[in-house]
Each structure stands twice: as structure tokens, then as C-alpha cells.
Amino acid sequence: MCGILGLLLHDSTINCAPEICEGLSLLQHRGQDACGIVTCGPKGRFYQCKANGMVRDIFDESSIRKLIGGMGVGHVRYPTAGSFNNAEAQPFYVNSPYGIVFAHNGNLINTTSLLQYMDATAHRHINTSSDSELLLNIFANNLQQTGKFRINEEDIFTAIGGMMKQVKGAYACVAMLAGFGIIAFRDPNGIRPVGMAVRRTETGNDYLFASESVVADASGFTDWDDVKPGEAIIITRTSISRRQVAEPATFAPDIFEYVYFARPDSVLDGVSVYRSRMAMGDMLAEEVKRVLSKMDLSVDVVIPVPDTSRVAALNLAQKLNLPYREGFIKNRYIGRTFIMPGQQMRKKNVRRKLNAMALEFSGRNVLLVDDSIVRGTTSKEIIQMAKDVGAKKVIVASCAPPIRYPNVYGIDMPSRSELVAYGRKEEDVAEAIGADLVIFQTLPDLIESVRHLNPSIKRFDCSLFDGDYVTGGVDEAYFSKLETLRADNVMGKAAMMSGDLGPAEGKGGGGAPPMNGITEDVVSIGTMNGDDTVGLHNTWKR
Ligand SMILES: O=P(O)(O)OC[C@H]1O[C@H](OP(=O)(O)OP(=O)(O)O)[C@H](O)[C@@H]1O
Ligand SMILES: NC(=O)CC[C@H](N)C(=O)O
Ligand SMILES: [Mg+2]
């Protein structure tokens, strides 16, 4: 999952970068591997700073000061295609046509044929393995085909509409055209979220696009409005234009946003993530009650697995009339473990992140509540930790059903064999993670927990749980290819082999030669022939 953000201030003399940086830090939970900001300043020039690392590591006063201009785009990355290479940090840039900057959340599933089209027909060079660079080039190619010296909104809508016919998969995107404005669009199934908001001032309106509404709340923007599936919105300093550019398709937002990804204080597609998690706890309580009474088991205390499961666990405990205790204390300086790269790192960080307090576990039957069990990394470690500090029985309840299918829409779970529930019955999952019992939410109950908050959503993408992929086009051949490219063991080897080589300088994807240590450099990509020529002022931090 990634976080995307676009900001246009009505006063172009005020730099937007500090606010974009603040906004990205609110979206950090969506991607911890890389981040970046590109702004557009006087004469339509772009200023860029991006690299691998968290927002607090990459941006400081000095790098922010160099990002000039009143409109910009930001991104936090959690890779689902390509590698962890610096060169795939976003936003991406292409100089032709017009100068475009692009940030993407999601994952495309027809990249093989798209790459072929780029090569054989469009003759555009794709310099990385990132599907986002590819998506940008499809958009750029469609804009190029207008053949115009200057384009207008109509041309942009046509280009995006054409692109939506060509690409398959999930994409919520924010783009910026040099000296023109910012653009947001969302795939026809609306799998990934993005919305817009406005901040009214006495002198004019500022506009924001962001993955989650929490960004708007925190910076004084109001009137949050989700971009509709298949819709594109263009904002310039003088106008807002919105258009449905794709054929109508089934709206199916990814249910895992509500289970795990989004912040609880966000509202996505009219559903409060917080309330949906409360409902997940309530519903799961019923299932726990049923299973425990069937097995004649009793529980002394409910303990959440911080952070995400807290909201659901509290409701579950209240519903069952059981004490709720924070038995695991979280190290506030460690981020999310599930979105860390590589199993070794994830495993090590569960222990670094959570510490079990013996006084809440010793001699008790504990019910640990987590939002989901994916690879089982977290549950395996914490169950052992609970036992080490004297828990009698450890029962685990998961707010999500067993995950048995890969995610192909922007969450990095590409390999079936990595999923602990793949090929296992529920009791076998318990054995694999060392629990005395595991209780899963049923899929209908999970769906109801979210859907009752906005009944107009008729379907969610639940492919993780049921293997039914809303876009179609995901079959055995696709899974096998994905596993060959992206399974943990493959990615680990690839990282070792590749080192950290940036791409050739001078391409749109933007890459500076690797530098050692924490250094900062400013390079300019593109030519600068006169006042109207757009150059890219690039601050690389490593
Ligand atoms: O079965 P696994 O592969 O371990 O994945 C599931 C776990 O990972 C996530 O926690 P994470 O630490 O990423 O984030 P959180 O602090 O928001 O709970 C999620 O909340 C589960 O606890
Ligand atoms: N998680 C995401 O949204 C990833 C975006 C894009 N597919 C990348 O790998 O950079
Ligand atoms: Mg967790």
C-alpha cells in the first residue's frame, strides 16, 4: 500500500512542501520504504526530493526549503512491483509531454502486455521495474497523442479515459502538470482510496488530494469528497473539473483497508474506519462466544495485539463482559512490521516492537485479538512471548477470516505459500502458530461490519479471503509468475545481487548515481533552454 497526496495553494508564492511533508507523515502507516515530494514553482519548474526511508529521515528543514512552489505531489511507498531501489521511489517524472509528475497507490496486473505496447508501439523507455512508472508513461503517451502545443481539461480527461481502457488493476493516482494544475483519478472499481478536500480562506481556496481523510482533518481542510471509481478531477488555480471517464464498473473497495491499512480516524468511501473496527469486534465476539461454549473453554482476559487491533479488541471484550488489558506494550519508535521488507526483518521487529507483561498473562487463559493473521509472523512470536511469561492457554481471535489468496492490488502478499492459512484448515493454523485455538471472523460478518456503515457499497474486493478478483484476469498463470518474481526468497536474493544501483541519469524516472553516506546533492534532469523549459531540480537524499 502507498500513500498519495496532492496540494494546490491558491497563493502560488507560498511553498506547499512543508504541508505536504506533514501530510505524508500522517500517511506513513501506508508505506515505510521510500517517500518523496515534487513541487512546481515559478516558470513551471519542478523541484524534487525523494529517497528510500521514512518521512522523518528524508525531509529536514534544508531539503524542504529547496522545494519551491505552491503546488506539489507527495508519496510514501510500500513496494508491490519492482524492487526497493531508490530509483523506484515516487513521485515519478517525465519531461514529455508538458512535464508530468505522478504518484500511484495500487498495482497493475497486465504489465506484460503494457510493457510490450510501450516498447513496440509507443516507443517510450521504461527505466525501472515499477508499474507506476509504466502507468505514468501510458498517461503521458495518451496526452502526447493530442499533438497539441498546449492542452486543456478535455484533453486530460480523454487521456485518462483512454488509459483506463488500457490498464487493468488497482490505481488511485495524483498527478501534476507543469504550470497547469493537479489531477486525481481512481480505477473503475475504486479498489484503492483517494479523496479531495478544500480549505477556504479570505483570499481564495486551497485544494488537497489524499489517500485518507485524516490528512484533511489535520490541516484544516473540509468537505472531504471521495474520488468516484472511474472518475478524474482536475484542479487549476482558476477551475475544478470532474468527469466520469471510465465505463461504469462494479464498485469494490478493498476491504483490507478497513481491517488493517487505513488509520482508524479516517473515513473512506463514507465508512468510518474506526466504527467498522468496532463492529468487527462486536461481530467477532459472537463467534468467539459460540466457539468457546462449543468447546467448553473459558477466557480470563482479552489482550489486543497493538496497534491496529485495539479498537476491535475493546469492543469484543465489552461484548463478552471480559476484562480488557494492554498486556503487550508497544515500542513507539518501531513502525508497522507487516509492511517491512523480508521475513527476517519482520520477525525480528515483532520482538523489538512488542513486550509482554507477565502480570497480565501469568496463570491465565488469554484471548489475544488481532486484526488479521497473514504470514503468521506476529502471532507466532507473540504467542511464544505470552507462554514465556506464564500464560496458561493462548487463544487467538482474528477480526479477518483466514487469508488464503495473494493480494494483487497494492498489498505485498504475492506468494500463496507465505500465507499461513494457505492449504491449512483453521485447526492447522493454530498448530502452525503455536496457539491452543484460533477463532476467525466469518467473511459475511466482516463484510457486514463495514457495509452496514454505507449500504450503498454493494461489493468489497475480498479476494484475499475468497480468491474472487474484481478486475478478472488473475489466474493460475498470473499467480505463478507473481511467485517467481516477488516471493520473499526471490526478493531477498534479488536485493543481494543488485546492490543499490540507480538508473541511468537523464531518464524521466529520475535517478542519481549512488552516493555513499548521508549526503545531499542537487542535480538537474532535463535541458533548460529558456524560460518556458521545465527542468527538474532534484534533491537526492541517501
Ligand atoms: O500475520 P502477519 O504476517 O504477522 O501479519 C499480520 C499482523 O501484521 C500487522 O501488524 P503491524 O505490526 O504491521 O501493524 P500495527 O502496529 O498497525 O498492528 C497486523 O496488524 C497484524 O498484527
Ligand atoms: N503499495 C503500492 O501502492 C505500491 C505502488 C506501486 N505498485 C509500487 O510498487 O511502487
Ligand atoms: Mg498488528
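Conventions adopted
Residues numbered from 1 in each chain as written. Chains lettered and ligands numbered in written order. Predicted model: local features only at pLDDT ≥ 70, side-chain atom pairs only at ≥ 80, totals over all residues. Heavy atoms only, no water. Axes fitted to C-alpha atoms, helices over the stretch in contact; angles between N-to-C directions. Helix = DSSP H or I, 4+ residues; strand = E, 2+ residues; numbered from the N terminus. Parallel < 35°, antiparallel > 145°, perpendicular 65-115°, else oblique. Left-handed = near helix turned anticlockwise from the far one by under 90°. Contact = heavy atoms within 4.5 Å. Nonpolar A, V, L, I, M, F, W, Y, C, P; charged D, E, K, R; others polar. Patch = residues over 30% accessible without salt bridge, like charges linked within 9 Å, V, L, I, M, F, W, Y side chains within 5 Å. Areas by Shrake-Rupley, 256 points an atom, 1.4 Å probe, with all protein chains shown as cover. Salt bridge = Lys/Arg side-chain N within 4 Å of Asp/Glu carboxyl O. Lys, Arg positive; Asp, Glu negative; His and termini not counted. Charge placed at Lys NZ, Arg CZ, Asp CG, Glu CD. Buried < 20%, exposed > 50% of the residue type's maximum accessible area, 1.4 Å probe, protein only. 1 Å grid on protein atoms, 1.4 Å probe; cavity = no way out; pocket = protein on both sides within 12 Å on 5 of 7 lines; lining within 4 Å. Points joined across faces, edges and corners; volume = space filled by probe spheres on them. pLDDT = per-residue confidence, 0-100. Pairing = 2+ DSSP bridges. Right-handed = clockwise from strand over helix to strand, strands pointing away. Near = heavy atom within 4 Å. Polar contact = N/O pair within 3.5 Å; in protein donor to acceptor, adjacent residues only side chain to side chain. Sits in = over half its atoms within 2 Å of the grid points. Phe/Tyr/Trp six-rings, centres within 6.5 Å; stacked < 30°, edge-to-face > 60°. UniProt positions renumbered as here; feature names shortened; annotations may be inferred.

Turning to the packing of helix 5 (residues 131-144) against helix 6 (residues 153-166), a few remarks are in order. Where helix 5 contacts helix 6, the two axes come as close as 8 Å, and the packing angle between them is 130 degrees. Judged on the interaxial angle alone, helix 6 and helix 5 are oblique. Helix 5 and helix 6 meet at a crossing whose hand is right-handed. Only Asp155, Ile156, Ala159, Ile160, Gly162, Met163 and Gln166 of helix 6 make contact with helix 5, whose side of the interface consists of Leu135, Ile138, Phe139, Asn142 and Leu143. Along the lines of polarity and charge, the residues of the contact of helix 5 with helix 6 split into eight nonpolar, three polar and one charged.

On the surface, Glu426, Glu427, Asp428 and Glu431 cluster together into a negatively charged patch. Following the sequence through the fold, Glu431 ends up in helix 14 (residues 426-433). The exposure class assigned to Glu431 is exposed, which follows from its relative accessible area of 65%.

This part takes up the layout of surface pockets. Considered as a void within the structure, the largest pocket measures approximately 990 Å³ in volume. Along the wall of the largest pocket there are 42 residues; nearest its centre are Asp307, Lys330, Gly335, Arg336 and Lys353. Contributions of two or more residues to the lining of the largest pocket are made by helix 1 (17-26), helix 2 (55-58), helix 8 (256-261), helix 11 (343-353) and helix 13 (377-388). Across the lining of the largest pocket, the residue classes tally to 17 nonpolar, 13 polar and twelve charged.

So, on to the confidence of the model for the chain. Across the chain, the average pLDDT comes to 90, with 90% of residues at 70 or higher. Confidence drops under pLDDT 50 across residues 496-535; counting only partners more than four residues distant or on other chains, this segment forms 84 contacts. Among the prediction metrics, the complex's ipTM stands at 0.98, with pTM recorded as 0.91.

A few words on the pairing of strand 19 (residues 365-370). Burial of strand 19 is extensive: six of the six residues sit out of reach of the surface. Along strand 19, one buried face is formed by Asn365, Leu367 and Val369 and the opposite face, lined by Val366, Leu368 and Asp370, is buried too. For strand 16 (residues 301-304) and strand 19, the ladder comprises four bridges, and the chain directions are parallel. Its bridge partner being in strand 19, Ile303 is matched across the sheet by Leu368. Summarising the sheet, strand 19 and strand 20 (residues 393-398) pair through six bridges and their orientation is parallel. When the bridges of strand 20 are listed, Val366 appears paired with Val394. Following the backbone out of strand 19, through helix 13 and into the adjacent parallel strand 20, one traces a crossover that is right-handed.

On to the site of ligand 1. Around ligand 1, the structure places 17 residues, and the nearest of them are Tyr260, Thr308, Lys353, Asp371 and Thr378. The backbone of Arg375 places a nitrogen or oxygen atom 2.8 Å from an oxygen atom of ligand 1. When ligand 1 sits alone it has 490 Å² of accessible area, and the protein chains cover 97% of it. Taken atom by atom, the bulk of ligand 1 overlaps the largest pocket. Taken together, the residues of the shell around ligand 1 sort by class into five nonpolar, six polar and six charged.

The next subject is the sheet that holds strand 20. Each strand in a sheet pairs with another by means of backbone hydrogen bonds, the pair being arranged parallel or else antiparallel. Strand order in the open sheet formed by four strands is 16-19-20-21, with parallel pairing between adjacent strands. Here the strands that pair on one side only, and so sit at the sheet edges, are strand 16 and strand 21 (437-440). Recorded for the sheet is a direction-independent mean angle of 25 degrees between the axes of neighbouring strands. Strands in contact with helix 10 (residues 310-320) are strand 16 and strand 19; relative to strand 16, the strand with the most contacts, it is inclined by about 170 degrees.

What follows covers the side chain of Asn141. In this structure, Asn141 sits in helix 5. Residue Asn141 is classed as buried on the basis of its relative accessible area, which comes to 6%. Here Asn141 is in contact with Tyr117, Met118, Ala122 and Arg124, once residues within four sequence places are set aside.

Here the focus is the packing of helix 9 (residues 273-295) against helix 15 (residues 443-451). Direction vectors running N to C along helix 9 and helix 15 enclose 145 degrees, while the axes themselves pass 8 Å from each other. Seen from above, helix 9 lies across helix 15 with right-handed handedness. Judged by residue contacts, Ser276, Ala279, Met280 and Met283 of helix 9 engage Asp445, Leu446, Glu448, Ser449 and Val450 from helix 15. Of the residues contributing to the contact of helix 9 with helix 15, the split by class is five nonpolar, two polar and two charged.

Applying the stated criterion to the full structure yields 14 aromatic pairs. On the numbers, 5.6 Å between centres and 80 degrees between planes, the contact of Phe46 with Tyr93 is edge-to-face. Separated by 47 residues along the polypeptide, Phe46 in strand 3 (residues 46-52) and Tyr93 in strand 5 (residues 92-94) bring together distant segments of the chain. Tyr93 matches Phe46 in its accessibility class, with the two residues each being buried. Look at Phe256 and Phe261: their rings are 6.3 Å apart centre to centre, the planes differ by 65 degrees, and that puts the pair in the edge-to-face class. A relative accessible area of 0% means that Phe256 is categorised as buried. Given the relative accessible area of 0%, Phe261 is considered buried. Among the aromatic side chains, those forming a connected cluster through ring pairs are Tyr78, Phe256, Tyr260, Phe261 and Phe338.

The UniProt entry lists residues 2-238 under the feature "domain: Glutamine amidotransferase type-2" (unreviewed entry), expressed in the numbering used here. Its end C-alpha atoms 30 Å apart, residues 2-238 is made of 27% helix and 33% strand.

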